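Letter by letter, the chains look like this.
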Amino acid sequence: VTGVQTCALPILGGTVQAQGQTLNARVTGPYGALRAAVTGRTGVLSFGGVTLPAQAVNLRGTLTPAVRVSGTWGDLTAAYDGRSGLVQVSGAQALTAFGQDGRVQGRASWAPGPGGSFRGAVNARGVLDQYTLAVSGPWNGLNLLVTDGEGLRAEGTASLPSGRYDVDVSRSEEHTSELQS
């Protein structure tokens, strides 16, 4: 017998509904080149004071020989590389953070690092209610800037996932004198 035989997986698929998520999954192809697609809609997702709204999901990729996925999640373009463990997103995201509604635009990458740390970086700007924010840098050294139209300025650094931060908060002189009048 010459040549290589491949055994093709029949098309597998179905709908999964759990915890407000409705996703359709489909796996096709030979075992050495499995392809997958996930479409549908997530429910509302909340974590650490941040809530993301329900949004559409359209992801496609390979499971073998290596896991690689890309597509869209809401208004974000997303990609995952199984070899590096790196998730990358770019675009805009509506959210509520600590009771403030808004929209953030930018890009971020994330992967687990040694000792529970994060690898990757963020470069994002947005508006949450009356606050304008900018975040940039690696997860363990994020530069933060938050301002509002009334002279508030919060600037400093934060480190995730440790939760450490060093932020100076001030109010412009112009607005401080108005408050004292």
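Preceding block: the structure.
Residues numbered from 1 in each chain as written. Predicted model: local features only at pLDDT ≥ 70, side-chain atom pairs only at ≥ 80, totals over all residues. Heavy atoms only, no water.

## Quick word on the pairing of strand β8 (residues 76–81)
Inspection of the sheet shows strand β7 (residues 68–73) paired to β8 by six bridges, in the antiparallel sense. Looking across to β8, one finds that T72 is bridged to T77. What sits between the antiparallel neighbours β7 and β8 is a turn of two residues, in which G74 has the positive phi angle 65°. Pairing of β8 with strand β9 (residues 86–97) involves six bridges; the strand directions are antiparallel. Across the sheet, the residue bridging to D81 is L86, located in β9. In this antiparallel pair of consecutive strands, β8 and β9, the connection spans four residues, and G85 shows a positive phi of 75°. (Pairing = 2+ DSSP bridges. Helix = DSSP H or I, 4+ residues; strand = E, 2+ residues; numbered from the N terminus.)

## Considering the nonpolar core
L95, A97, V122, L128, V135 and L142 are the most contacted members of the largest nonpolar core, which has 13 residues in total. Of all the elements in the fold, those that place two or more residues in this core are β5 (50–52), β9, β10 (100–112), β12 (121–128) and β13 (131–138). Element by element, the count of residues in this core is highest for β12, at three residues. Once you skip the residues sitting within four places of it in the chain, L128 turns out to touch L95, A97, Q100, D101, G102, R103 and L133. (Core = buried A, V, L, I, M, F, W, Y, C linked by side-chain atoms within 4.5 Å. Buried < 20%, exposed > 50% of the residue type's maximum accessible area, 1.4 Å probe, protein only. Contact = heavy atoms within 4.5 Å.)

## Some remarks on the side chain of Q21
On the secondary structure map, Q21 appears in strand β2 (residues 21–30). Looking at Q21, the relative accessible area reads 17%, which means it is buried. There is a polar contact of 3.0 Å between the side chain of Q21 and the backbone oxygen of Q19. Among the polar contacts made by the side chain of Q21, one reaches the main-chain amide nitrogen of G43 at a distance of 2.8 Å. Those residues in contact with Q21, other than ones at most four positions away along the chain, are V16, R41, T42, G43, V44 and L45. (Polar contact = N/O pair within 3.5 Å; in protein donor to acceptor, adjacent residues only side chain to side chain.)

Geometric descriptors of this kind do not, in isolation, establish any biological role.
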